[in-house]
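Okay, here's what each chain looks like letter by letter:
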Amino acid sequence: AQTVTQSQPEMSVQEAETVTLSCTYDTSESDYYLFWYKQPPSRQMILVIRQEAYKQQNATENRFSVNFQKAAKSFSLKISDSQLGDAAMYFCAYRSGEDSNYQLIWGAGTKLIIKP
Amino acid sequence: DVKVTQSSRYLVKRTGEKVFLECVQDMDHENMFWYRQDPGLGLRLIYFSYDVKMKEKGDIPEGYSVSREKKERFSLILESASTNQTSMYLCASDKRGLGGYGYTFGSGTRLTVV
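It should be emphasised that the depicted structure is a prediction, and the values quoted were computed from it without experimental measurement.

Visitor: Just checking my understanding: could you explain the overall build of chain B for this structure?
Guide: Helices and strands together make up the secondary structure of chain B, namely zero helices and 11 strands. By the compact-globule yardstick of 13 Å for 114 residues, chain B fits well, its C-alpha radius of gyration being 13 Å. In terms of principal-axis extent, the alpha carbons of chain B reach across some 40 × 30 × 25 Å. Relative to its full complement of 114 residues, chain B shows a buried share of 52%. Sequence-distant contacts in chain B: of pairs separated by 6 or more residues, those separated by 24 or more amount to 56%. When the accessible surface of chain B is summed, it comes to about 5,400 Å², and 50% of that surface belongs to carbon and sulfur atoms. Taking the average place of the 17 positive charges on the side chains of chain B and the average place of its 15 negative ones, the gap between the two points comes to 4 Å.

Structural data, given as structure tokens:
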């Protein structure tokens, strides 16, 4: 069975600096998707960025980028120029590409604190 | 703008009550999911549905049931609420065959059972 591990329960960063959140996963599949979701204190989960495993290029969305290391089964999220609005819980998730209707497998989450 | 709407943001119920949590999506999504979120435990899947009148148990279905009579609506039912069901409940949906795009979530319902 697939698993997702986020080893950092909490991270803090100074405003305007860069922070990297870690995520590792375990799977025997070659076709899959990886996601980072953000859950601010307002609670609605928002998709931040997604990565397709067959694409070697790392996904980027404005200040958010990933470092996808397929062989190492690592999928870290880098947030550049951190802003107060980035404070949230961040969840890493995996989904099988062999059955894309299968549910997401979630990490436990990392709480990101932004220091002004 | 596509939406998943959960009928209540906050709910307080008494032990033993039958509780209905409603979730409606306007995106013509086939797949719908109910999660429970507790501090330190992340998201745990309660039930999911791939189509109308279909349902599948997730990781923690005990004490819950669901109903999907219409495509857009997925209801979570606590047959007899207990204090250990005090939690945040999240509904999500996505389109069959487009799993690579992830879920759309509702805003969550904070349920307190007293």
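Visitor: I keep staring at the interface of chain A and chain B and nothing clicks. Help me out?
Guide: How large an interface is tends to be reported as the accessible area lost when its parts come together. Opposite the 19 residues of chain A that make contact, chain B presents 27 residues. Here chain A meets chain B over a buried area of about 1,900 Å², counting both sides, of which 47% is carbon and sulfur. Across the chain A-chain B interface, the total number found is one salt bridge. Counting the contacts that link chain A with chain B gives seven residue pairs in polar contact (both at pLDDT 80 or more).

Visitor: What am I meant to see in the state of the cysteines here?
Guide: Should the sulfur atoms of two cysteines be covalently bonded, the bond is a disulfide. Taken as a whole and assessed by the stated rule, the structure comprises two disulfides over all chains. For Cys23 of chain A, the disulfide goes to Cys92 of chain A, at an S-S distance of 2.0 Å. The sign of the -70° torsion about the S-S bond sets the Cys23 of chain A-Cys92 of chain A disulfide as left-handed. In this pair, Cys23 of chain A is assigned in the loop between strand E3 (19–21) and strand E4 (24–26) and Cys92 of chain A in strand E10 (residues 88–96), connecting sequence segments 69 residues apart. Neither Cys23 of chain A nor Cys92 of chain A differs from the other in exposure class; each is buried. Bridging Cys23 of chain B to Cys91 of chain B, the disulfide has an S-S length of 1.9 Å.

Visitor: Even after reading the chapter, I still don't get the sheet that holds strand E8 (residues 73–78) of chain B, so can you show me in this structure?
Guide: Whether parallel or antiparallel, the strands of a sheet pair through hydrogen bonds between backbone atoms. Residues and elements named next belong to chain B. Strand order in this open sheet of four strands is E1-E3-E8-E7, and the pairing throughout is antiparallel. The open sheet terminates on both sides in strands that have one partner only, identified here as strand E1 (4–6) and strand E7 (64–70). For this sheet, the mean inter-axis angle between neighbouring strands, taken without regard to orientation, is 20°.

Visitor: What is the right way to read the pairing of strand E6 (residues 46–52) of chain A from this model?
Guide: The two faces of the sheet receive side chains in turn, since in a regular strand these alternate between them. Residue and element names in this part refer to chain A. Alignment of strand E5 (residues 32–39) against E6, held across six bridges, turns out to be antiparallel. Bridge pairing in E6 links Leu34 to Gln51. In this structure, the hairpin formed by E5 and E6 is closed by a connection of six residues, where Arg43 is found at a positive phi of approximately 90°.

Quick notes on the rules
Residues numbered from 1 in each chain as written. Chains lettered and ligands numbered in written order. Predicted model: local features only at pLDDT ≥ 70, side-chain atom pairs only at ≥ 80, totals over all residues. Heavy atoms only, no water. Helix = DSSP H or I, 4+ residues; strand = E, 2+ residues; numbered from the N terminus. Rg over C-alpha atoms; globule rule 2.2 N^0.38 Å. Buried < 20%, exposed > 50% of the residue type's maximum accessible area, 1.4 Å probe, protein only. Contact = heavy atoms within 4.5 Å. Areas by Shrake-Rupley, 256 points an atom, 1.4 Å probe, with all protein chains shown as cover. Lys, Arg positive; Asp, Glu negative; His and termini not counted. Charge placed at Lys NZ, Arg CZ, Asp CG, Glu CD. Buried area = accessible area lost by both parts, 1.4 Å probe. Salt bridge = Lys/Arg side-chain N within 4 Å of Asp/Glu carboxyl O. Polar contact = N/O pair within 3.5 Å; in protein donor to acceptor, adjacent residues only side chain to side chain. Disulfide = S-S within 2.5 Å. Pairing = 2+ DSSP bridges. Axes fitted to C-alpha atoms, helices over the stretch in contact; angles between N-to-C directions.

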